[in-house]
Amino acid sequence: MKKLKWFLAPAAALLLLAGCGGAEEGNSNSADDGNAPAGQQSAIGHGTEDGAIGFEMTDDGSIEEASGIPEKEKAAILESFDRYIDTFNNGDIDGYLDVLATGEDAYDPDQERAAFEQMAAQFEKVERTPSDMTVVSYEESEAQLFANLETTLVEKESGESKTEKGRQVTVFTKQDEKWKVKEVYYVGNAPGQ
């Protein structure tokens, strides 16, 4: 069966962020730098430096699971992803921050708290509904999980609702023997898909 290798390029993530951001005055990233500012991570996503983030899709459109994943580790990765989604959807900032990896090359809890609070101030509802969760890469201390995501946003001021669909690869790392979200790469579907 012919397989297509899909890599989530920095330019694609940057185009998505520019397209979703509304006004451009707040976006200091450019196609030339391709990444979030040095030392800054964002739960929304940023570029990869080595192109190692991706997934394989078969001709029928299904995503190929990585081989050799111990069942206990697969269950723990999926449970961590569920907690990541549930705490976000329920507005549980402390629970959400607990599932994020911290330290060098990971999330800054203060920045994430500020971003979460800013989002909560703007939106009545932000709900992400994942499907097709598949562990697409596994090593003893790092794993990648692919998911299709449907995100519904309801603005507080206008009550306007918008639903977007896309694909996300969530990179997990082991910290204190627990799987934590280290990075998130999201690419939105073209309108109408």
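The residue numbering used here restarts from 1 in each chain and proceeds along that chain's sequence as written. For this predicted model, a pLDDT threshold of at least 70 governs which residues receive local features, and a threshold of 80 or more governs which side-chain atom pairs are given and counted, while totals over whole chains, interfaces and linings are taken from all residues. As a rule here, side-chain values come from all non-hydrogen atoms in the structure, and water together with hydrogens is ignored.

**Student:** Looking at this structure, how should I read the packing of aromatic side chains?
**Tutor:** For any pair of aromatic rings, the description consists of the separation of the ring centres together with the inter-plane angle of the planes. For Phe, Tyr and Trp, rings pair up if their centres lie within 6.5 Å, where Trp contributes its six-membered ring, and each pair is then called stacked (planes under 30 degrees apart), edge-to-face (over 60) or tilted (otherwise). Summed over all chains, the structure comprises 6 aromatic pairs. Aromatic pair Tyr96 and Phe116: ring centres 5.3 Å apart, planes at 40°, arrangement tilted. Of this pair, Tyr96 sits in helix H3 (residues 93-99) while Phe116 is found in helix H4 (residues 109-122), placing the two residues 20 residues apart along the sequence. Residue Tyr96 is classed as buried on the basis of its relative accessible area, which comes to 1%. Three or more aromatic residues joined by ring pairs form one cluster here, namely Phe81, Tyr84, Phe88, Tyr96 and Phe116. Over the face of the ring belonging to Phe88 we find Arg128, whose NZ or CZ atom lies 3.8 Å from the ring centre. For helices the rule is a DSSP run of H or I covering at least 4 residues; for strands it is a run of E covering at least 2, with both sets numbered from the N terminus onward. Relative accessibility under 20% of the residue-type maximum defines a buried residue, over 50% an exposed one, and the middle range a partly exposed one, all with a 1.4 Å probe and only protein chains included. Over a ring means this: the NZ of a Lys or the CZ of an Arg is within 6 Å of the ring centre and within 35 degrees of the ring normal.

**Student:** For this particular structure, what's the right way to read the sheet that holds strand E6 (residues 178-188)?
**Tutor:** Between any two strands, at least two bridges found by DSSP are needed for them to pair. Taken together, 4 strands build an open sheet; the order of strands is E3-E4-E5-E6 and the sheet is antiparallel. In the strand order of this sheet, the two ends are held by strand E3 (123-138) and E6, each with one partner. Neighbour-to-neighbour, the strand axes of this sheet turn through a mean angle of 30°, independent of strand direction. Of the pairings in the sheet, the one linking E3 to strand E4 (residues 142-155) comprises 12 bridges and is antiparallel in character. Geometry is summarised by axes, namely lines fitted to C-alpha atoms with helices restricted to the contacting stretch, and by angles between N-to-C directions that run from 0 to 180 degrees.

**Student:** Can you walk me through the pairing of E6 in this structure?
**Tutor:** Working note: regular strand, side chains alternate between the two faces of the sheet. In terms of burial, E6 is largely enclosed, as 8 of its 11 residues are buried. Bridge count between strand E5 (residues 161-175) and E6: 10 bridges; the pairing is antiparallel. The residue bridging Gly166 from the neighbouring strand is Gly188, located in E6. Connecting E5 to the next strand, E6, in antiparallel fashion are 2 residues, including Asp176 with a positive phi near 55°.

**Student:** How should I be thinking about unusual backbone geometry in this particular structure?
**Tutor:** A negative phi angle is the norm for most residues apart from glycine, just as the trans form is the norm for most peptide bonds. A positive phi is found at Asp176, a non-glycine position, where the angle reads about 55°. You can see Asp176 is positioned in the loop between E5 and E6. When its relative accessible area of 75% is taken as the criterion, Asp176 is described as exposed.

**Student:** Help me understand the pattern of salt bridges, please; the structure alone is not making it clear to me.
**Tutor:** Side chains bearing opposite charge may pair, as long as their charged atoms lie close to each other. The salt bridge definition used is simple: a Lys or Arg side-chain nitrogen within 4 Å of an Asp or Glu carboxyl oxygen. Under the criterion given, the structure shown has 9 salt bridges. Across the salt bridge formed by Glu65 and Lys74, the nearest N and O atoms sit 3.0 Å from each other. Residue class for Glu65 comes out partly exposed when judged on its relative accessible area of 36%. For the salt bridge of Lys182 with Glu142, the shortest nitrogen-to-oxygen distance reads 3.5 Å. Here Lys182, found in strand E6, pairs with Glu142, found in strand E4; they are 40 residues apart in sequence, far enough to count as distant. The class of Glu142 is partly exposed, set by a relative accessible area of 26%.

**Student:** Teacher, can you tell me more about the environment of Tyr107 here?
**Tutor:** Along the chain, Tyr107 falls in the loop between H3 and H4. Distance in space between the C-alpha atoms of Tyr107 and Val181 is 8.7 Å, their sequence separation being 74 residues.

**Student:** Quick question: what am I supposed to make of the environment of Asp92 here?
**Tutor:** Position of Asp92 among the secondary structure elements: in the loop between helix H2 (71-89) and H3. The spacing of Asp92 and Phe116 is 24 residues in sequence and 9.7 Å in space, taken between C-alpha atoms. Here, residues are in contact when the closest pair of their heavy atoms is within 4.5 Å. Aside from chain neighbours lying at most four places away, what touches Asp92 is Thr87 and Phe116.

**Student:** Honestly, the confidence of the model for the protein chain in this entry has me stumped. Any pointers?
**Tutor:** For residues with low pLDDT, the predicted coordinates do not support detailed interpretation. The predictor attaches a confidence to each residue, called pLDDT, with possible values from 0 through 100. Here the protein chain averages 77 in pLDDT, and 67% of its residues register 70 or above. In the model, residues 1-51 has pLDDT below 50 throughout and makes 72 contacts with residues more than four positions away in sequence or in other chains.

**Student:** What should I look at first to understand H4 in this one?
**Tutor:** The periodicity of an α-helix, 3.6 residues per turn, causes residues three or four places apart in sequence to face the same way. In this model, H4 (14 residues) spans 20 Å end to end at C-alpha, consistent with the 20 Å of a helix rising 1.5 Å per residue. For H4, every residue scored as buried is listed here: Glu112, Phe116 and Met119. Along the axis of H4, the buried residues cluster in a sector spanning 60°; they form a single face. Those residues of H4 that are exposed and angled more than 90 degrees off the buried face are Asp110, Gln118 and Ala121. Looking at the buried positions of H4, the neighbouring elements they touch are H2, H3 and E3. A distance of 2.8 Å separates the backbone nitrogen of Asp110 from a side-chain oxygen at the start of H4, and that oxygen is part of Asp108. One less than the residue count of a helix, multiplied by 1.5 Å, gives the span that helix is expected to have. Along the arc lie the directions from the helix axis toward the C-beta atoms. Any pair of nitrogen or oxygen atoms within 3.5 Å is treated as a polar contact; in protein, a donor-acceptor pairing is required on top of that, and neighbouring residues in sequence qualify only through side-chain atoms on both sides.

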